[in-house]
Amino acid sequence: MSYSDAKIIYADFGVDTDKALEALKNVSVSLHCWQGDDVRGFDTDPSKPLTGGIQTTGNYPGRARTPEELMADIDEVLKLVPGKIKMNLHASYAIFDEENPWVDRDKLEPKHFKKWVDFCKARGLGCDFNPTFFSHPKCDPLTLSSPNEETRKFWIEHGKASIRISQYLAEELGQPCVMNIWTGDGFKDIPADRIGPRVRYKEAIDEILSEPYDFKLVKPCIESKVFGIGVEAYTVGSAEFALSYAAANTDKCIPLMDNGHYHPTEVVSDKISSLLNFFPKIALHITRGVRWDSDHVVRFDDETREIAKEIVAGGNVDNILIALDYFDASINRTAAWIMGIENLQKALLEALLTPHEEMKKLQNEDRFTELFALQEKMKLMPLGAVYEEFLRSEGKPLDYITEILKYEKDVLFKR
Ligand code: RNT
Ligand code: ZN
């Protein structure tokens, strides 16, 4: 179907497709650098396994092993995807060279991210940041909640260094930097002491956030999790912990929800509107939970669509800071990035093409039969034709897979 035909069909429902496409162009999506190298980073021995409650599975060839390779892969993604992209870095992606040799995470400085700043500047991108509290010899295995003073101190210093780096990224790139604190701290089996680790975690975050920063530029968040690999029984940074911390510190941080981090029948789409009553801004990690794994590649599935609806319908695009978060080593990693971005964009576009006002009216007038019928009808609307117009208008190919297979043959498979 052509775009002009789709435009007419949507107009019948009072929906303006041109306006929707304009709006979609301005929705910023933060691209997680860690999909490109299976969350390895550049600051630890790549032969050691990932630790700290996350794991990548699969050994598809072509993993980026150096900053240059990772940047080349991100460029390939940027070449193929439409829309407004922001970078999202982990501290473990610091770039060391002769001039700036390796330092441990507690000693990281803005200069270790200068090459990323140059990369972002050249492409007009903002950048988010994450201290890395996993896959490191100083995980004992706990980090910020460890009973060991020295361990805790090391990780607090890492958190403070990350605040300084986030401030630097925001100042250099002229866009706010979301700085997300996530630790996999927890226990495999029933703990004797549940409160001790949480008290220590809270105090450690207090210390990290005592490092000076401009809250307009740096947006610290605490990300919760229900459980992780090896920490099945107890997670220090539970949902209640993280949300309460944000609620008690609205002058210092914002809440972040990762939709892979709740009990399987809980949905983030239903939590967004509750949080927006109490927080002017919230952050999201968009991912896909599958059984025990919280990080599968984002699909155009019901929950992604429902989250997108919540972002768009309430007019909250500017108040919700969207980042992708998944890692899959079993398929082409560059394609995985593109598929996740495009699936999220399709969900956002679908939400922008929905007659929310009319539906709201049906709800408020108790006309639930008509609402049900309209909701189902909208599912078969020609969304694909409008998304293709988005690709065209942004000068992107309609078919990324041919280009990706070529890049795989010429670049990835030669690594
Ligand atoms: C892990 C969390 C966290 C990480 C990244 C790498 O379950 O979702 O956000 O995925 O920090
Ligand atoms: Zn996450």
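Residues numbered from 1 in each chain as written. Chains lettered and ligands numbered in written order. Predicted model: local features only at pLDDT ≥ 70, side-chain atom pairs only at ≥ 80, totals over all residues. Heavy atoms only, no water.

Colleague: Describe the coordination of the zinc ion (ligand 2), naming the residues involved and giving the relevant values.
Modeller: Surrounding the zinc ion (ligand 2) are the protein donor atoms Glu-223 (OE), Asp-258 (OD), His-285 (ND1) and Asp-325 (OD), which sit 2.1 Å from the metal. Every donor counted, the six donor atoms about the zinc ion (ligand 2) form angles of 70 to 171° at the centre, which fits octahedral coordination. Counting gaps between the donor residues of the zinc ion (ligand 2) yields the pattern E-x34-D-x26-H-x39-D. Taken as a pair, Glu-223 in strand β6 (residues 218-223) and Asp-325 in the loop between β12 (320-324) and α10 (333-352) lie far apart in primary sequence, 102 residues in all. You can call Glu-223 buried: its relative accessible area is 3%. (Donors = N, O, S within 2.8 Å, 3.2 Å for Na, K, Ca; no water. Tetrahedral: all angles 85-135°; square planar, octahedral: opposite > 155°, others 65-115°. Helix = DSSP H or I, 4+ residues; strand = E, 2+ residues; numbered from the N terminus. Buried < 20%, exposed > 50% of the residue type's maximum accessible area, 1.4 Å probe, protein only.)

Colleague: Lay out the packing of aromatic side chains in plain terms, naming residues and giving numbers.
Modeller: When we look at a pair of aromatic rings, we describe it by the centre distance and by the angle of the planes. On inspection of all chains with the given rule, the structure shows ten aromatic pairs. Relative to Trp-155, the ring of Phe-154 has its centre 4.9 Å away and its plane inclined at 90°; by these criteria the two rings are edge-to-face. Members of the aromatic cluster, joined through ring pairs, are Phe-133, Phe-154 and Trp-155. The ring of Phe-154 carries the charged tip of Lys-138 above its face, separated from the ring centre by 4.8 Å. Sitting over the face of the ring of Phe-215, Lys-219 holds its NZ or CZ atom 4.9 Å from the ring centroid. (Phe/Tyr/Trp six-rings, centres within 6.5 Å; stacked < 30°, edge-to-face > 60°. Lys NZ or Arg CZ within 6 Å of the ring centre and 35° of its normal.)

Colleague: Go over unusual backbone geometry with me, naming the residues and quoting the values.
Modeller: Residue Pro-141 is reached from Asp-140 by a cis peptide bond, and omega for that bond is 5°. Locating Pro-141 in the fold gives a position in the loop between β3 (127-130) and α5 (149-173). Even without being a glycine, Asp-38 presents a positive backbone phi close to 60°. The class of Asp-38 is buried, set by a relative accessible area of 8%.

Colleague: Quick rundown of the pairing of strand β11 (residues 293-296)? Include the residues and the values.
Modeller: Relative to β11, strand β10 (residues 288-290) runs antiparallel, the two being bridged by two bridges. Across the sheet, residue Arg-288 finds its bridge partner in β11, namely His-296. Adjacent in sequence and paired antiparallel, β10 and β11 are bridged by two residues, among which Arg-291 carries a positive phi angle near 50°. (Pairing = 2+ DSSP bridges.)

Colleague: Tell me about the site of ligand 1, and name the residues and values.
Modeller: Around ligand 1 sit 14 residues, and of these His-90, Glu-223, Lys-225, His-261 and Asp-325 come closest. Take Lys-225: an N or O atom from its side chain is 2.7 Å from an oxygen atom of ligand 1. Starting from 310 Å² of accessible surface for ligand 1 in isolation, the protein chains cover 100%. Here the residues of the shell around ligand 1 sort into five nonpolar, four polar and five charged. (Near = heavy atom within 4 Å. Polar contact = N/O pair within 3.5 Å; in protein donor to acceptor, adjacent residues only side chain to side chain. Areas by Shrake-Rupley, 256 points an atom, 1.4 Å probe, with all protein chains shown as cover. Nonpolar A, V, L, I, M, F, W, Y, C, P; charged D, E, K, R; others polar.)

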